[in-house]
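Structural characterization, general
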Amino acid sequence: MIGSDNPHLWIQTPELERILTNEIVGISLKELPLRTRSKVVKEHVCLALGYQVPSKFARTQPRFVGQDFDVYVQKSGNLQIWNEELDPERRYVIVRVGEDDAVAAVRVVTGNELAALDRTGALTQKYQARLDVGQETAELVVQTDTEGLCGLVMEGVELPLSAMPISNPEAFQMFSIVEIFHRLRSLIGMSFADAGSDQERNRGAALQRIVCHCLGYRDFLDDGRYPDIRHQLLELKLQTSPTIDLGLVCPDSTAHLEVPSIARYEVKHCDVRYAIFYAKSDGKEVTLTNLFVTTGEMFFSRFPRFEGNVLNKKLQIPLPGGFFDN
């Protein structure tokens, strides 16, 4: 695999989605058997990326090893992944086929994003932790960022007008974990309209909008990728129950995160900062009552991990309405 630490050869996920959308949407797959259809799409993916088309695709995991992605061709909304677990960092190129049997849309998501889409309970979250609220309304679990990030963050950062929450992080445009904590603790006691307990994504988006404003961003933008506020390497969790669902990303993992290197430092999952808000709802409004801020590295020192969660071998993930509209 080339890896995100090689910016000259690695294609970032948004760019990969843009290229494939431009190059393969509209290709006709009419009257092709399912296996042939999948092979033809993979051939067009090769051409779109400038790769030589092989006479036969090797049965590797993933199929496109260099760019770390698999391709799934979907006419139905039920994505099936056989004989392997979701990989949190692997990209999944999901190609939608329309009623006219032509490619209608392309989405590129990570395994962690796919895990978050499941609403049926068929997919067991791999990592979960327990939140014990305790006595403090605001708790900074660790006083400093990780060793790798310490030299890249600053106190009193002035965000440039062009800064966006979904931009890749840059040196000296990231707040320290201490400043993140002090800024976000002002949100305790704030309320916002409750979209309903079955609308967790909408609740999360509402929180994300508030946090972006609190941190000084002019606009709220969310591309559904991890971490939520990528420019600050900040992941948000809104909890109305003690169980923290972490998806496929283990917070203290030392695996590299898919962002370009920052001043030659390769960012790891454990460098990500977590802001966990505990909240209460009366059915009409969600009120933020507690805040916890930690690094991924020290996450489990405060929030005990649930052990024993595994994934099914055959994964069926219903793609939600509007999935291809993002």
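Preceding this section is the structure that the text describes.
All of the points below concern the structure found in this document. Quantities reported herein were computed from a predicted structural model and do not represent experimental measurements.

Conventions and cut-offs
- Residues numbered from 1 in each chain as written.
- Predicted model: local features only at pLDDT ≥ 70, side-chain atom pairs only at ≥ 80, totals over all residues.
- Heavy atoms only, no water.
- Helix = DSSP H or I, 4+ residues; strand = E, 2+ residues; numbered from the N terminus.
- Rg over C-alpha atoms; globule rule 2.2 N^0.38 Å.
- Buried < 20%, exposed > 50% of the residue type's maximum accessible area, 1.4 Å probe, protein only.
- Contact = heavy atoms within 4.5 Å.
- Areas by Shrake-Rupley, 256 points an atom, 1.4 Å probe, with all protein chains shown as cover.
- Pairing = 2+ DSSP bridges.
- Axes fitted to C-alpha atoms, helices over the stretch in contact; angles between N-to-C directions.
- 1 Å grid on protein atoms, 1.4 Å probe; cavity = no way out; pocket = protein on both sides within 12 Å on 5 of 7 lines; lining within 4 Å.
- Points joined across faces, edges and corners; volume = space filled by probe spheres on them.
- Core = buried A, V, L, I, M, F, W, Y, C linked by side-chain atoms within 4.5 Å.
- Salt bridge = Lys/Arg side-chain N within 4 Å of Asp/Glu carboxyl O.
- Phe/Tyr/Trp six-rings, centres within 6.5 Å; stacked < 30°, edge-to-face > 60°.
- Lys NZ or Arg CZ within 6 Å of the ring centre and 35° of its normal.
- Expected span 1.5 Å × (residues − 1).
- Arc of directions from axis to C-beta.

**Some thoughts on the overall build of the protein chain**
Looking only at helices and strands, one finds 7 helices and 14 strands in the protein chain. A compact globule built from 326 residues should have a C-alpha radius of gyration of about 20 Å, and the protein chain, at 21 Å, falls within 12% of that. Oriented by its inertia axes, the alpha-carbon framework of the protein chain measures out at about 65 × 45 × 40 Å. Looking at the protein chain as a whole, 48% of its 326 residues are labelled buried. In the protein chain, 66% of the contacts between residues at least 6 apart in sequence involve partners at least 24 apart. Counting only carbon and sulfur atoms, one obtains 48% of the accessible surface of the protein chain, whose full area is about 15,700 Å².

**Overview of the sheet that holds strand E3 (residues 91-97)**
If you trace the 3 strands from one edge of the open sheet to the other, you get E1-E3-E4, paired in mixed fashion. Looking at strand neighbours, the two that pair on one side only are strand E1 (69-74) and strand E4 (103-110), the edges of this open sheet. Neighbour to neighbour, the strand axes of the sheet diverge by 20 degrees on average, direction disregarded. Two elements, E1 and E3, share 6 bridges in a ladder whose sense is parallel. If you follow valine 71 over to E3, its bridge partner there is valine 93.

**Some points on empty space enclosed by the protein**
Per the counting criterion, the structure on display carries 1 cavity of 30 Å³ or more. Its boundaries defined by the atoms lining it, the largest cavity holds a volume of some 90 Å³. What lines the largest cavity is Pro88, Glu89, Thr110, Asn112, Glu113, Arg225, Tyr226, Arg230, Val249, Leu257 and Glu258.

**As for the nonpolar core**
Side chains that are nonpolar tend, in soluble globular proteins, to be buried together. Residues Leu184, Val211, Leu234 and Phe277 are the most contacted members of the largest nonpolar core, which totals 30 residues. Listed by contribution, the elements that provide at least two residues to this core are strand E6 (138-140), helix H5 (177-184), helix H6 (200-215), strand E10 (234-239), strand E12 (273-281) and strand E13 (285-295). In terms of residues, this core owes the most to one element, H6, which gives 6 residues. When neighbours within four sequence positions are excluded, phenylalanine 277 is seen to be in contact with Leu184, Leu187, Leu207, Val211, Lys237, Leu238, Gln239, Leu288, Asn290 and Leu291. Counting residues in each nonpolar core, the second largest holds 25 residues, with Leu152, Val153, Tyr226 and Phe303 among its members.

**A short note on the pattern of salt bridges**
Any two side chains of opposite charge can pair, given that their charged atoms come close. Applying the stated criterion across every chain, the model contains 15 salt bridges. Here glutamate 17 and arginine 107 are joined by a salt bridge, their closest N and O atoms 3.4 Å apart. Placement of glutamate 17 in helix H1 (residues 13-24) and of arginine 107 in strand E4 is noted, with a sequence separation of 90 residues between them. Note on arginine 107: relative accessible area 6%, which makes it buried. With its nearest N and O atoms 3.9 Å apart, the salt bridge here joins arginine 305 to aspartate 252. On the criterion of sequence distance, the pair formed by arginine 305 in the loop between helix H7 (299-302) and strand E14 (315-318) and aspartate 252 in the loop between strand E11 (243-247) and E12 is long-range, its members being 53 residues apart. Given the relative accessible area of 30%, aspartate 252 is considered partly exposed. One continuous salt-bridge network, built from bridges that share partners, spans Arg37, Lys75 and Asp101.

**With respect to the packing of aromatic side chains**
This model, assessed by the stated rule, comprises 8 aromatic pairs. Here the aromatic rings of phenylalanine 57 and phenylalanine 64 are separated by 6.1 Å at their centres, their planes lie at 45 degrees, and the arrangement is tilted. Grouped by ring-pair contacts, the aromatic residues Tyr274, Phe292, Phe299, Phe300 and Phe303 constitute a single cluster. Sitting above the plane of the phenylalanine 300 ring, arginine 305 keeps its charged end 4.1 Å from the centroid.

**Section: H1**
Under the 1.5 Å per step criterion, the end-to-end length of H1 is 16 Å for 12 residues, consistent within 8% with the ideal 16 Å. Within H1 the residues assigned to the buried category are Thr13, Leu16, Glu17, Ile19, Leu20 and Ile24. Seen along its axis, H1 keeps its buried residues to an arc of 165 degrees; they face one direction. Lining the buried residues of H1 we find helix H2 (34-49), E1, E3 and E4. The first or second residue beyond H1 is glycine 26, which carries a positive phi of 100 degrees.

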